[in-house]
Amino acid sequence: MKIAKSLIIKILIFTLAAVSNIVTGQANLNKRAQWFVNDRFGMFIHFGLYSGAEGVWKGEKLRNENDYAEWIQYRNRISKEEYLTLIDNFKWDEIDPEKWVILAKNAGMKYVTITAKHHDGFALWDSKTSNYDVTDYTNPKRDIIRELAAACKKHGLKLGLYYSHWVDWEHQYGWDHTKEISGISPADFDKYWQEKVIPQMTELLTNYGPVGMIWFDMWIHHSQTVVTKDQLLQLKKLIRELQPDCLINSRLGLSLEEDNDVDFQELGDNEFGRNKKDFPWQSPATVAHSWGYNRLDNDFKSTTSLLQSLISNVSLNGNLLLNIGPRPDGTVPYEIEKRLLEMGEWLRVNGESIYGSNAFDLPKGMNDWGVITTKKNPYGTKLYLHLFGLPADRKLKLTGIKSTPVTAYMLDDKNRTPLSFIHDEIITEIALPEIFTEKLIPVIVLEYQNSPDCVVDLAAQNIEGGYCLTSLNSISEVEQNILIPKSRGGTVPSYLSVKSPTVLRWKIYIDNPGLKTIDASYSYQGKSMNNKINIKVAQNELKHNITNTGKTVGEPKSDWVIDNFRCSVLGTIDFIEKGYYEIEISITPQKNEEIKFQWLWLK
Ligand code: GLC
C-alpha cells in the first residue's frame, strides 16, 4: 500500500513537471517548435556538386573573400556542362550519410539539416520533377536524402531539409543574380516556381517520412526580390498541409508583420544572439568560413569558442546550427570532426545546462565572467553559471539575485560536493575549486527552492572587483542619438556624445566598504577649461574640470589619427557601510562644445 502511494505521488510529480515545462518557458510560444527549443543544437550539412570542386576551379580560388565554396559555380562563372563534370570527383561508393548522423549524435546534436537543393539547383534525392539530381548521375544510383532520412530515424535525430527556393542557377527561369542585369518577368519566374519548387517540395514532404524543418534561404525580404508574397504563402500552405508538424524558418522571406506563422527566426550567417528573445531563434554557423567543403579554408575556431557560441545563444533562448562540409569522398575534415567530438564530450557531462534550458532573467553581460542558463522543475529552479573567465582570487561573485541558493556544486561532479558560498543581499560569492576537472568551460549549478528574485537594474562588480559604469548599465534613459557606436576597428570606442548638460545614474551594491577611487574616461578636443564633470555619491561630491585629451594614432597609417580617450582620476570616496548606492554623473559642456564620455571606473 505504501509503495503504491509513493508511486502515485511520483507519477503526480512527473506529470506536474511535464505540465510546468509546457506552461512556462519559451516553448509555450509555439507548440510545434517545442522540440526545437528543447534540443538547442543541430548539425548543418552543406553537400552538393560544389563539394567536388573543393573551393578551387581550374587552379583559381573562389572569387570571393567569404570563401563560400558552394557558390563556386556562380562566382567563377562556370557553365552548367562543366559544373556537372564535378560529379566524377566524388567517391560515390564510399560516401555514407549515416556517418554524418553518427557524428552529429556524438557531438550532442539533436537534428540534422542538409542542403537537399542548394543554389546550384542540383537535387540530392531522386527527383521526379527534374533530372538534375544525384540519382540520375550515379551508378549505383544514390539518393542521399533517403539514406540520411533512414539514418536519422535509426539514430533518433530529427531531419531538416535546406531548400533554395529563390535562387536556382539551373532552371531557365530560376533566380540568378545576373538577372539583375538581364531581367526576368514575374510570369517566367512563376513558371520556375510551379514547375520546380512546388513539385520538388511536394516530393520531399511526401516521400521521406517526417521532416522536422524546412530551411529556406532568402536572406532579404521578398519585396526586394522577384518572389511574391503569394508564392511564399502557397509554399507555406503546402508544408502545413503535407506535414503539419514541420517547422519553417524565417528565411522563407515573409516578415513577421505580414505573416507570423513561421516557426523560428534564423539569424544571419555566423551571427550570434545579442539579446534575449522569447520567439524561437537560431544561428547558423561554420567552424571556419565556408559552408561547402573548401580545402583552402583552414581558419578553424577553437572548441571553446564554438561552445561559447552555443552556450551564449542558449542563455538568450537561441539555438545553434553548426555546419560540416564533407569532402567529395564523404569524409569530414579532421579539424571539424575533432571539434564536434570535443563539443559532444562537453555536452555529455554538462548537457543538462543546455538541453531544455532557457534564458535567465538577468540582463546579458551583467556578470562579466560568463553566461547563465536556467531550468525549472517542481522542486525549484536551477541556475547554470558557465565560466568563460575566472577571478584571480577564485571567488566568483554573482550579482543580481536576492534569494539564497540551497546548494552549489560543479555540474561535472557526480558526487555534487557542495561548494562553499556566502550570500549577501544580492551578491552570491562562491569559492571555486583550486582545480577544475572540466577543462573547457566549467559550469556551476546553483539550486534554489523557488524562482529566484532578481534585481535587474544594478551595475555589477566585474571580475577584477571594480565597477565599469557605462551608458549601457545606467538606470537613466539615454537618448539613442547621442550613443555613438565604436568605429575604426574598435580603436575609437563607443561613447556618448554630450553637447548639452547630461546626467547619468547607476545603482550599485557595495559589499566591501572602504575608500574607493573613481576614474573617468572621456575625450575632449576643444580648448575651454570650463567644461565640467560632477559626481555625486553617498552625500559626497567630486568636481573635475575637463581638459583637452589630444589625439592618438590607431594604426600606423597617416590617416589613422583619432581622438584620444584618456582616463582621469576624479578622486576618492569613502563608502562607509555595505549597501545600495546611487552614483550620479553630471557632464556640463559649454555652448558648442562636445564631450565624448566613455565610462566611470570605481574600485
Ligand atoms: C547564405 C549562402 C549560402 C549558405 C547559407 C547558410 O545564405 O548564400 O550559401 O548556404 O548562407 O546560412
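Residues numbered from 1 in each chain as written. Predicted model: local features only at pLDDT ≥ 70, side-chain atom pairs only at ≥ 80, totals over all residues. Heavy atoms only, no water.

To continue, consider the sheet that holds strand β22 (residues 502-510). Within the open sheet, the four strands sit side by side as β22-β29-β24-β25. Their pairing is antiparallel. Because the sheet does not close on itself, it has two edges, and the strands there are β22 and β25 (540-545). Sheet twist, expressed as the mean angle between neighbouring strand axes with direction ignored, is 15°. Here β22 runs beside strand β29 (residues 579-588); their pairing, made up of nine bridges, is antiparallel. Across the sheet, Ile508 pairs through a bridge with Tyr581, a residue of β29. (Pairing = 2+ DSSP bridges. Helix = DSSP H or I, 4+ residues; strand = E, 2+ residues; numbered from the N terminus. Axes fitted to C-alpha atoms, helices over the stretch in contact; angles between N-to-C directions.)

Another aspect to go through is the pattern of salt bridges. Tallied over the entire structure, the rule returns 37 salt bridges. With its nearest N and O atoms 3.1 Å apart, the salt bridge here joins Asp263 to Arg240. Of the two residues, Asp263 sits in the loop between β7 (247-248) and β8 (265-266) while Arg240 sits in helix α9 (residues 229-242), which places them 23 residues apart along the sequence. A relative accessible area of 15% places Arg240 in the buried class. Residue Asp269 pairs with Arg251 through a salt bridge whose shortest N-O separation is 2.8 Å. Of this pair, Asp269 sits in the loop between β8 and β9 (281-285) while Arg251 sits in the loop between β7 and β8, placing them 18 residues apart in sequence. Note on Asp269: relative accessible area 32%, which makes it partly exposed. Salt bridges here are not isolated pairs; linked through shared partners, they connect Arg32, Lys236, Arg240, Asp259, Asp261 and Asp263. (Salt bridge = Lys/Arg side-chain N within 4 Å of Asp/Glu carboxyl O. Buried < 20%, exposed > 50% of the residue type's maximum accessible area, 1.4 Å probe, protein only.)

Glancing now at the site of the ligand. Of all residues adjacent to the ligand, which total 14 residues, the nearest are His46, Glu70, Trp71, His118 and Asp269. Contact distances for the ligand include 2.9 Å between an oxygen atom and a side-chain N or O atom of Trp71. Bound to the protein, the ligand loses 97% of the 310 Å² it would expose on its own. Classifying every residue of the shell around the ligand gives seven nonpolar, three polar and four charged. (Near = heavy atom within 4 Å. Polar contact = N/O pair within 3.5 Å; in protein donor to acceptor, adjacent residues only side chain to side chain. Areas by Shrake-Rupley, 256 points an atom, 1.4 Å probe, with all protein chains shown as cover. Nonpolar A, V, L, I, M, F, W, Y, C, P; charged D, E, K, R; others polar.)

This part is about the nonpolar core. In terms of nonpolar packing, the biggest core is built from 114 residues, with Trp100, Met201, Leu322 and Leu340 touching the most fellow members. Counting contributing residues, this core receives three or more from each of domain 1 (28-352) and domain 2 (360-455). Other than its neighbours up to four places away in sequence, Leu340 contacts Met43, Leu103, Ala107, Met109, Val287, Leu322 and Ile324. Ranked by size, the runner-up nonpolar core spans 31 residues in total, among them Ile535, Leu542, Ile585 and Leu600. (Core = buried A, V, L, I, M, F, W, Y, C linked by side-chain atoms within 4.5 Å. Domains from an automatic or database assignment. Contact = heavy atoms within 4.5 Å.)

Mapped onto the fold, Gln200 is located in helix α8 (residues 186-207). Residue class for Gln200 comes out buried when judged on its relative accessible area of 0%. On a C-alpha basis, the gap between Gln200 and Phe189 in space is 16 Å, while along the polypeptide they are 11 residues apart. A polar contact of 2.8 Å, which involves the side chain of Gln200, links it to the side chain of Tyr163.

Looking now at unusual backbone geometry. Note the cis peptide between Asn139 and Pro140, where omega equals -5°. Within the secondary structure, Pro140 is located in the loop between β4 (111-117) and α6 (144-155). A positive phi angle, near 55°, is found at Arg77, a position not held by glycine. Among the structural elements, Arg77 can be located in the loop between α3 (72-75) and α4 (80-84). Phi is positive for Arg416, close to 50°, though the residue is something other than glycine. Relative to the helices and strands, Arg416 is located in the loop between β15 (407-410) and β16 (421-424).

The subject of this paragraph is helix α5 (residues 97-106). Listing the buried residues of α5 in full gives Pro97, Trp100, Val101, Leu103 and Ala104. The buried side chains of α5 occupy one side of the element, clustering within an arc of 160° when seen end-on. In the segment just after α5, Gly108 is the residue with positive phi, at about 85°. (Arc of directions from axis to C-beta.)

Before going further, it helps to spend a moment on helix α11 (residues 334-350). Taking 1.5 Å as the rise per residue, α11 with 17 residues should run 24 Å; its terminal C-alpha atoms sit 24 Å apart, in good agreement. Turning to α11, its buried residues number three or more, namely Ile336, Arg339, Leu340, Met343, Gly344, Trp346, Leu347 and Asn350. Taken around the axis of α11, the buried residues stretch over an arc of 165°, which confines them to a single face. What points out from α11, more than 90 degrees from its buried face, is the exposed set Tyr334, Glu345 and Arg348. Contact partners of the buried residues in α11: β1 (41-45), α5, α10 (303-314), β10 (318-324), β13 (380-387) and β18 (443-448). (Expected span 1.5 Å × (residues − 1).)

As a further point, take the domain arrangement of the protein chain. Along its sequence, the protein chain is carved into domain 1 (28-352), domain 2 (360-455) and domain 3 (467-602). For domain 2 and domain 3, the distance between their C-alpha centroids amounts to 32 Å. On the side of domain 3, five residues touch domain 2, which itself brings seven residues to the contact. When the two sides are added together, the surface that domain 2 and domain 3 hide from each other amounts to roughly 520 Å², 49% of it contributed by carbon and sulfur. Broken down residue by residue, the surface that domain 2 buries against domain 3 is led by Asp424, Glu425 and Ile427, which jointly contribute 60%. Across the contact surface, domain 2 and domain 3 share two salt bridges. For Asp511, the salt bridge identified is with Lys397, shortest N-O distance 2.9 Å. There are four residue pairs in polar contact (both at pLDDT 80 or more) connecting domain 2 and domain 3. A class-by-class count of the residues in the side of domain 2 that touches domain 3 yields three nonpolar, no polar and four charged. (Buried area = accessible area lost by both parts, 1.4 Å probe.)

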